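Breakdown of the fold
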Amino acid sequence: MQHFSTLESYCQGIHISKPQWAEFDIRRFEDNMKTVHPRMPQFKHEFYAIALKIDGGGFTSTGNYSTKDLRATVFFNSPYQIISWDIAPDWTGYYVIFSEAFYKRNLSLHGGFSRKRIIEDFPFLLIDNTVPMPITAEEMELYTKLYADMHSEFQLNENHGKTIIASYLNILLLKVDRLYKRTKTHITITQDQRAQDLNTVSRFKTLLELSFQPGKEYSSTTPHQVQFYADKLNLHPNHFNAVVKRITDSSASEHIYRHILSLAQTLLRNTPRSIKEIAFELYYEYPNHFSKFFKIQTGKTPNQFRKEANSLA
């Protein structure tokens, strides 16, 4: 695995022009597209990087995370993190790459120096936290302006330039920290919601098994109906069905039909019960309704299925 210890070696390794400064660089993605390697196998470098991707095909991976399927996004990486990419030559946006020494040395000139390491002030830069963060159109506009202003100052390369760049960089870090905390809260909420959904689906499957045990009696609703399970789980049928679909990619009714069909095939194959008896055992009020259901699901009548099953036994 390649390891780049300087910005110059990094730029050379990905096939772009040399950096203007030894410990800081800012680029527009579109300026790199003509020469940069579109595919980079896993490598490491010794710098922090924060990127604003506005658009473009392909993806970049940092640690356990990837920008795949994300368009407008802020993503970043930390020193020694494993990075790779496979990108199309149409990326637009910006990135900054810098050393901790650059940030602390130049920020200290106007009283912003902190003795703490940068990851203590900005824990989102910890290797385990570097999750890409999608942004809204409004956020993209604000970030684009910040990067563009920093890029313009960098191109001027005039007196106090490094101090001004460090100030821009500090603003960027503060904004990304705010974005990260909001995204992390959303991720936590999403994870909690998924845990609740998984619990709902688990309870549904248990109810489905128990509801077709022999000898039970039902009145207004039957275990064939989505409403039956939604009521037992104290959920609105539409919400209940959406949860099941979200977790399993099948609707609640599809799960019910599959379970009834499996029970019916087992009874037809392994018992001498009549079609009428099986229909009643599966809580069909009329045997012809059961036969119609079975034919729709398998393309065969219950009698045809039984004869074929017996001939193979």
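One structure accompanies this document, and this report is about it. Remember, it's a predicted structure, so these values are computed and weren't measured experimentally.

Here's the deal with the overall build of the chain
- Assigned secondary structure in the chain consists of 12 helices and 10 strands.
- Radius of gyration (C-alpha) of the chain: 30 Å, far over the 20 Å computed for a compact globule of 313 residues.
- On the principal axes, the C-alpha backbone points of the chain span a range of 95 × 40 × 30 Å.
- Relative to its full complement of 313 residues, the chain shows a buried share of 43%.
- Nonlocal contacts in the chain, meaning residues at least 24 apart in sequence, comprise 70% of its contacts between residues at least 6 apart.
- Accessible surface, the chain: about 17200 Å² in total, of which carbon and sulfur atoms supply 51%.

Quick word on the side chain of asparagine 77
- Topologically, asparagine 77 is positioned in strand 7 (residues 73–77).
- In this structure asparagine 77 comes out as buried when scored by relative accessible area, which is 7%.
- Reaching out from asparagine 77, the side chain makes a polar contact with the side chain of histidine 45 at a distance of 3.2 Å.
- Other than its neighbours up to four places away in sequence, asparagine 77 contacts His45, Phe47, Tyr48, Ala49, Thr62, Ile83 and Thr130.

Looking at the sheet that holds strand 8 (residues 83–87)
- Ordered by their spatial adjacency, 5 strands build an open sheet running 1-3-8-5-6, and the pairing between neighbours is mixed. Two strands bound the open sheet, and with one partner strand each, they are strand 1 (2–4) and strand 6 (65–66).
- Pairing of strand 5 (residues 58–62) with strand 6 involves 2 bridges; the strand directions are antiparallel. Along strand 6, the bridge assignment pairs serine 61 with serine 66.

Considerations on the packing of helix 8 (residues 237–248) against helix 9 (residues 252–270)
- Two elements in contact, helix 8 and helix 9, have axes separated by 8 Å at closest approach and are oriented at 75°. Relative to helix 9, the element helix 8 lies roughly perpendicular. Every residue of helix 9 that contacts helix 8 at Phe240, Asn241, Val244 and Thr248 is listed here: Ala252, Ser253 and His255.
- By residue class, the composition of the contact of helix 8 with helix 9 is 3 nonpolar, 4 polar and no charged.

Focus on the pairing of strand 5
- Where strand 5 lies against strand 8, 5 bridges are found, and the strand directions are antiparallel. Considered in strand 8, the bridge of phenylalanine 59 is made with aspartate 86.
- As consecutive antiparallel partners, strand 5 and strand 6 are separated by 2 residues, and within that stretch glycine 63 has a phi angle of approximately 60°, a positive value.

Quick notes on the environment of valine 226
- Assignment of secondary structure puts valine 226 in helix 7 (residues 226–232).
- Using a relative accessible area of 19% as the deciding quantity, one classes valine 226 as buried.
- For the pair formed by valine 226 and lysine 307, sequence separation is 81 residues and the distance between their alpha carbons is 32 Å.
- For valine 226, the contacting residues outside a window of four places in its chain are Pro237, Phe240, Ala252, Ser253 and Ile256.

About the thresholds
Position numbers for residues count from 1 along each chain, tracking the sequence in the order it is written. Side-chain atom pairs in this predicted model are given and counted only at pLDDT of 80 or more, local residue features only at pLDDT of at least 70, and totals for whole chains, interfaces and linings cover all residues. To get the side-chain values, take all heavy atoms of the structure and skip hydrogens and water. Here a helix means four or more residues in a row that DSSP labels H or I, a strand means two or more in a row labelled E, and each is numbered from the N terminus. Based on C-alpha atoms, the radius of gyration is set beside the globule rule, defined as 2.2 Å times the residue count to the power 0.38. Think of it in three bands: with a 1.4 Å probe and only protein chains considered, a residue is buried below 20% of the maximum accessible area for its type, exposed above 50%, and partly exposed in between. When checking whether two residues touch, look at their non-hydrogen atoms; a contact exists if any pair is within 4.5 Å. For the area figures, the Shrake-Rupley method with a 1.4 Å probe applies, and any residue is considered shielded solely by the protein chains shown. For this analysis, a polar contact is any N or O atom pair within 3.5 Å, provided that within protein one partner can donate a hydrogen and the other can accept it, and provided that sequence-adjacent residues contribute only side-chain to side-chain pairs. Two strands form a pair only when DSSP identifies at least two bridges running between them. With axes taken as lines fitted to C-alpha atoms, and helix axes fitted only over the stretch in contact, angles between N-to-C directions fall between 0 and 180 degrees. Any angle that is under 35 degrees is reported as roughly parallel, and any over 145 degrees as roughly antiparallel; angles of 65 to 115 degrees are reported as roughly perpendicular and all others as oblique. Charged means Asp, Glu, Lys or Arg here, nonpolar means Ala, Val, Leu, Ile, Met, Phe, Trp, Tyr, Cys or Pro, and polar covers whatever is left, Gly included.

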